[in-house]
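A structural walkthrough
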Amino acid sequence: MSDTEHTTSFEALGMPEFVLKTLSELGYESPSPIQAASIPVFMSGADLIGQAQTGTGKTAAFALPLLAKLEDDLHKPQGLIMAPTRELAIQVAEAFQRYARYRKGFRIAPIYGGQDFRPQLKLLKQGVQVVVGTPGRLLDHLRRGSLDISEVKTLVLDEADEMLRMGFIEDVEEILSHCSGEQQTALFSATMPAPIKRIADKYLTDPQHVVIQAKTATVDRIDQSYWLVDGRQKPEALRRYLETRSFDAMIVFVRTRESASEVAEKVNAWGYRAEAIHGAISQNQREKTINGLKKNKFDILVATDVAARGLDVDRFSHVVNYDIPYDSESYVHRIGRTGRAGRDGEAVLFITQRETRLLKTIERHIKQQITRAQIPNNDVVLQQRVERFKQQVAEQSAKAPSAMIQSVVEQCCHDLEIEPEYLAGVLINMLHSEHPLEPTEEMKQNRERSREENANRRGELQEDEAPIETAPNPLPDYPDVEMERFRIEVGRRSGVKPRDIVGAIANEAGIESTFIGDIILRDEFSTVDLPSGMPKELFNQMKKIRVRGTPIRITRYGKEAPDATPAPNKRKFRDAGRGKEGGKPGGKSGGKPGRKPAAAKAKKFADDRSGFRGSSKGKKAKRS
Ligand code: AMP
């Protein structure tokens, strides 16, 4: 690799065999900047202040060295991690589990409020090496004597500024005061407000600062935008990007080897020519691939950051940040692959809801705003395809078909008794047999089916009760439509399936099923994603929709308390429901005279919404 930039490896950072094996399986090629800078500090035992945020690889930056340093025979907690939210605590615990795949007997206890004490007490009693939790609940356990931190060797305050913002800082301090003071302490925070600095001064000894130095960046010639996408929808977003851009060559940046190969495979399956480069391919192969790219043998290169280092190709007109880079510096490097040789370039960044903070950091770094762009919907994609096709025809039509070809056309029309337009249509279909110009009915059905399967699978796979995020996922067909997550009081225990919920909402609220997003089932409740901005009246009416006989009592997930009215006994729900309705906040509007039926309003809502995203009527017409 003609690599001029300094890079290190996980081996060089002293990671043990079991960690290296896992990282290789996970496809992590090299440490991210925060990892390269923090791991040596952790290994040395010094205290650390790290300025980094989610998405930079921060979790592994402390989890890997912590795992590497665990003592085998010590059955008390050796690592303690404080996190601001239960979601983050769970994520950190999951990351530890993932990285500790080959460390026999590793146990971690996630400890957070809102969960029954008993399972936490049981876990702690059984003996764990690492505890990760929210400050309040950790403190509860400390006070009860169920958490022993006397042997904690490393203490990590994760997202300290968030803990401050959420009012946990006193709890954090109290926990710190319970520690021996001899442990290694690391404080991660995206920002350094005064109270955090004070904590660092008081509880950390000669801490080493890890801030990834940002050089000023010039990216003026590059048209930058971002698309907000859900992780699972990235392939579809990429397909739409490819379909709606006319590009010379494109580079798609991903984080792991696996995704490099997977994405390249997908892109090829869509009828484009793509190759992948990543750290696991030989130097020879890499050079061959890059030469192929330079000689226009293919146009799309899928690459990890490491493999793309030192890449000297002027052809890139477009850069896709399929996975967000670890830091602003890599972002600048990545997009700097385009806009070369005095040409303008275009770069897009796919980000998920939880990565939006990293976007802000990048913007600060490049001193410019990255605008959000809407993901093109199906109609736009189709229109672009037609435009491209017309352009190809225009290019070809400069060269007149030979007399012989013209005679074939005449013969076909004559013998088959068809008009030239009809023949042209048949030929277009033949030309695009593998990748039809127009999505076929079968493709649409497949897409519907896979959506349903996904919904079902998600519904069934949630038994581990991972927390549900409040942020909704975008719709696969209308990713630009703003969505909101709702909670409904029917779950697995009522025997519902996602299709029952879709059916009830579609039929009774008149919201087209394509505008009903993800459905996540839990035992006692479920969540459903719907277009945001639902009129209040419709919302109130929706509370009464029944699924399998139970009113769904819809509320805005994470924004208002779930409707606690007990679900009426199924067999006598009619009576019970009627009796209670007047007293419920959701039932207040019921029964007023002269009201339009809910379905009519809901239908209007659906129509309004679809007007905002391009006519749903057009869509229907296409389907039938
Ligand atoms: P975090 O900032 O800890 O939330 O990590 C963000 C994402 O980056 C997670 O999905 C990690 O699995 C992934 N990640 C962390 N370190 C690496 C690495 N060295 N190579 C590739 N992916 C990584």
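Our structure is the block above this text.
Residues numbered from 1 in each chain as written. Predicted model: local features only at pLDDT ≥ 70, side-chain atom pairs only at ≥ 80, totals over all residues. Heavy atoms only, no water.

**Concerning the pattern of salt bridges**
A side chain with one charge can pair with a side chain of the opposite charge if their charged atoms come near. Per the counting criterion, the structure on display carries 37 salt bridges. The partner of Arg357 in a salt bridge is Asp161, and the shortest N-O contact between them spans 3.6 Å. Within this pair, whereas Arg357 is found in helix H15 (residues 356-366), its partner Asp161 is found in helix H7 (residues 160-165), the two being separated by 196 residues in sequence. Residue classification places Arg357 among the partly exposed residues on the basis of a relative accessible area of 37%. The salt bridge involving Lys390 is made with Glu387; its shortest N-O contact spans 3.3 Å. Of this pair, Lys390 and Glu387 both sit in helix H16 (residues 378-397), 3 residues apart, roughly one helical turn. Sharing partners across several salt bridges, the network here consists of Glu236, Arg239, Arg240, Glu243, Arg385 and Arg388. (Salt bridge = Lys/Arg side-chain N within 4 Å of Asp/Glu carboxyl O. Helix = DSSP H or I, 4+ residues; strand = E, 2+ residues; numbered from the N terminus. Buried < 20%, exposed > 50% of the residue type's maximum accessible area, 1.4 Å probe, protein only.)

**Here's the deal with H16**
For H16, which comprises 20 residues, the first-to-last C-alpha distance of 28 Å matches the rise-based estimate of 28 Å (1.5 Å per residue) to within 8%. When we look at burial in H16, the residues that qualify are Val381, Arg385 and Phe389. Angularly, the buried residues of H16 cover 75 degrees about the axis, an arc narrow enough to put them on a single face. In H16, the exposed residues that point more than 90 degrees away from the buried face are Gln383 and Ser397. Considering only its buried residues, H16 is in contact with helix H10 (234-244) and helix H18 (420-431). Capping the start of H16, Asn377 holds a side-chain oxygen 3.1 Å from the backbone nitrogen of Asp379, two or three residues further along. (Expected span 1.5 Å × (residues − 1). Arc of directions from axis to C-beta. Contact = heavy atoms within 4.5 Å. Polar contact = N/O pair within 3.5 Å; in protein donor to acceptor, adjacent residues only side chain to side chain.)

**Observations concerning the sheet that holds strand S17 (residues 526-531)**
For sheets, the rule is that strands pair by backbone hydrogen bonds, running either parallel or antiparallel. With antiparallel pairing, the 4 strands of this open sheet are ordered in space as S16-S17-S15-S20. Two strands lie at the open edges of the sheet, namely strand S16 (519-521) and strand S20 (555-556), each paired on one side alone. Both strand S15 (residues 483-488) and S20 contribute to a ladder of 2 bridges, which runs antiparallel. Bridging across to S20, Phe486 finds its partner in Arg556. (Pairing = 2+ DSSP bridges.)

**Structural notes on the side chain of Thr352**
Checked against the element boundaries, Thr352 lands in the loop between strand S13 (345-351) and H15. Since its relative accessible area comes to 15%, Thr352 is described here as buried. Dropping the residues within four chain positions of it, Thr352 is found in contact with Leu228, Val229, Asp230, Gly231 and Lys234.

**Here's the deal with the packing of helix H8 (residues 169-178) against helix H9 (residues 194-203)**
Two elements in contact, H8 and H9, have axes whose closest approach is 12 Å; the angle formed by their N-to-C orientations is 5 degrees. Looking at the two axes, H8 sits roughly parallel to H9. Every residue of H9 that contacts H8 at Ile169, Glu173, Leu176 and Ser177 is listed here: Ile196, Arg198, Ile199, Lys202 and Tyr203. For the contact of H8 with H9, the per-class residue count stands at 5 nonpolar, 1 polar and 3 charged. (Axes fitted to C-alpha atoms, helices over the stretch in contact; angles between N-to-C directions. Parallel < 35°, antiparallel > 145°, perpendicular 65-115°, else oblique. Nonpolar A, V, L, I, M, F, W, Y, C, P; charged D, E, K, R; others polar.)

**Comments concerning the sheet that holds strand S14 (residues 371-372)**
Taking strand neighbours across the sheet as the criterion, the 7 strands line up as S10-S11-S9-S12-S13-S8-S14 in an open arrangement whose pairing is parallel. Unpaired on one side and paired on the other, strand S10 (274-277) and S14 mark the two borders of the sheet. Across 2 bridges, the pairing between strand S8 (residues 222-228) and S14 is parallel. When the sheet's bridge partners are listed, Ser225 is paired in S14 with Thr371. Running at roughly 150 degrees to strand S12 (residues 316-321), helix H14 (residues 328-335) makes contact with S8, strand S9 (249-254), S12 and S13 of the sheet. Sitting on the sheet, H15 is in contact with S8 and S13, with an inclination near 150 degrees to S13.

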